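Survey of secondary and tertiary structure
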Amino acid sequence: MKKLVKLAAIGAAAAVAATLGAVAPASAHGEKSQQAFLRMRTLNWYDVQWSKTSVNVNEDMVLSGKIHVFSAWPQAVANPRVSFLNAGEPGPVLVRTAQFIGEQFAPRSVSLEIGKDYAFSVNLRGRRAGRWHVHAQINVEGGGPIIGPGQWIEIKGDMKDFTDPVTLLDGSTVDLEHFGISRVYAWHLPWMAVGAAWILFWFIRKGIIASYMKVAEGRPEAVIGDDDRRIGAIVLALTILATIVGYAVTNSTFPRTIPLQAGLQKPLTPIETEGTAGVGKEQVTTELNGGVYKVPGRELTINVKVKNGTSQPVRLGEYTAAGLRFLNPSVFTTKPDFPDYLLADRGLSNDDTIAPGESKEIVVKIQDARWDIERLSDLAYDTDSQIGGLLFFFTPDGKRFAAEIGGPVIPKFVAGDMP
């Protein structure tokens, strides 16, 4: 019976290993997995740019853009009081060499204010050859990662040529890619060997399943004997001794150390942008007066009251939410440079012009298959069915004004006109 149990366990382990080995690498946009309300009503990304879409190993590029922290931040998500700017990528295919929020160097967690706008930039350096999807991303304590727009970046070359030189405070230079790697191996490999030997001992000699069955039968003394206790005591003593010796050696080898910088960086300087931040002499303000999202037609129709507080007439040119851009083709006569999977260049329709000082209610239609493809149509199944995002208005000379828009809409599951 023991032999049969062992053979069954070995067979199961082999089957799992074979299955894992046959799994192909995943290739998808991870932001789709996030709920629609999280992407639309937390951080509104705009003006996101990638300075290059093709770099060589050791070549630098910049990921930059702006974010608007949504005023009606959902209660289900922790406020961005502790946030960390990052680049979402499949592992360290690019390394961050510096990052800024506004003009401030921001290497650690920051505090973002509700309703404010911030500019950001992340300096990246190509490390691992391949074609990778790279996102803007901000991690919110208690709220998880909030992913922005992503772009395919091709990295050419060989990772073995990658270097990451950094000048220390004492003037010396080290290569972070290889610095201390021998110490990592020296510490990890022996412990991995000890752990593997311990697992093999229990798996082969004792039998994990057989041991479980004995414990379940109320016979734990049949599993752990005096020899096991002596070996455990010896391993424990050696572990404590190795930790003390290792600490002493490391402390003497590196007498000058600085603790990890884990503090909260604040205050940050928001962008003084027209409209969204409520500053400046001229701005356009909006108020959502209801709307309908037609599930079959992938169409959002909203009634918006617009107040033009500028000295020029304005027209609605863009609605952006969750990194997607829905453009009015009568305003955008040329297609902007932006990832195609996020760009609905004919997705918005509205021909109204709002005169200077005028308040006017307009009907805006936002229709495109990307509502479904990017899973934003899931808002129809949320408990509150609310939208969020930014509307961008343009003057005849090209000046842009942003206005936050948000509120409940009614999902409609049958075709037909809005009631």
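These notes cover the structure that comes with them. Starting afresh in each chain, residues are numbered from 1 along the sequence in its written order. The predicted origin of the model limits local features to residues at a pLDDT of at least 70 and limits the giving and counting of side-chain atom pairs to 80 or more, whereas totals for whole chains, interfaces and linings rest on all residues. Only hydrogens and water are set aside; all other atoms, that is, all heavy atoms of the structure, feed into the side-chain values.

Working definition: a ring pair exists when centres of Phe, Tyr or Trp rings (six-membered ring for Trp) sit within 6.5 Å. Plane angles under 30 degrees give stacked, over 60 give edge-to-face, the rest tilted. Considering all chains together, one arrives at 10 aromatic pairs under this definition. For the pair Trp50 and Phe338, a centre-to-centre distance of 6.3 Å together with 55° between the ring planes defines the contact as tilted. Placement of Trp50 in strand β1 (residues 43-50) and of Phe338 in the loop between β15 (324-327) and β16 (343-344) is noted, with a sequence separation of 288 residues between them. Judged on exposure class, the residue Trp50 and its partner Phe338 are both buried. By definition, any uninterrupted DSSP run of H or I lasting at least four residues is a helix, any uninterrupted run of E lasting at least two residues is a strand, and each is numbered from the N terminus. Burial classes follow relative accessibility: with a 1.4 Å probe on protein chains only, a residue under 20% of its type's maximum area counts as buried, one over 50% as exposed, and anything between as partly exposed.

So, on to the pattern of salt bridges. Any two side chains of opposite charge can pair, on the condition that their charged atoms come close. By definition here, a salt bridge exists when the distance from a side-chain nitrogen of Lys or Arg to a carboxyl oxygen of Asp or Glu is within 4 Å. Scanning the model with the defined rule gives 21 salt bridges in all. Here Asp372 makes a salt bridge to Arg298, at a shortest N to O gap of 3.0 Å. Linking Asp372 in helix α6 (residues 370-373) with Arg298 in the loop between β12 (284-294) and β13 (299-308), this pair joins segments that are 74 residues apart in sequence. Through salt bridges with shared partners, one network takes in Lys335, Asp340, Asp368 and Arg370.

Examined against the element boundaries, Pro296 turns out to sit in the loop between β12 and β13. On the basis of relative accessibility, which here comes to 46%, the residue Pro296 falls in the partly exposed class. Remark: the alpha-carbon pair of Pro296 and Ser377, spanning 81 residues in sequence, is separated by 9.9 Å.

Before going further, it helps to spend a moment on the nonpolar core. Grouped together as the largest cluster of nonpolar side chains are 82 residues, with contacts concentrated most on Tyr319 and Trp371. Sorting elements by how many residues they give to this core places strand β20 (residues 386-394) first, with 6 residues. Residues grouped as a nonpolar core are buried Ala, Val, Leu, Ile, Met, Phe, Trp, Tyr and Cys residues, joined through side-chain atoms within 4.5 Å.

What follows is about the sheet that holds strand β6 (residues 104-105). On the basis of which strands lie adjacent, the open sheet formed by 5 strands has the order β1-β3-β7-β5-β6 and antiparallel pairing. In the strand order of this sheet, the two ends are held by β1 and β6, each with one partner. As paired strands, strand β5 (residues 94-101) and β6 are joined by 2 bridges and run antiparallel to one another. Bridging across to β6, Ile101 finds its partner in Gln104. Each pair of strands is called paired provided DSSP finds at least two bridges between the two strands.

A word on the pairing of β15. Residues of β15 alternate between two faces, with Leu324 and Phe326 on one and Arg325 and Leu327 on the opposite face, all of them buried. Bridge count for strand β14 (residues 314-321) against β15 is 4 bridges, and the pairing is antiparallel. Directly across from Thr320, in β15, lies its bridge partner Arg325. Between β14 and β15, which pair antiparallel in sequence order, lie 2 residues; one of them, Ala322, sits at a positive phi of approximately 55°. Sheet topology places β15 next to β16; 2 bridges connect them, and they run parallel.

Note that all results are geometric; they support no functional claim without further evidence.
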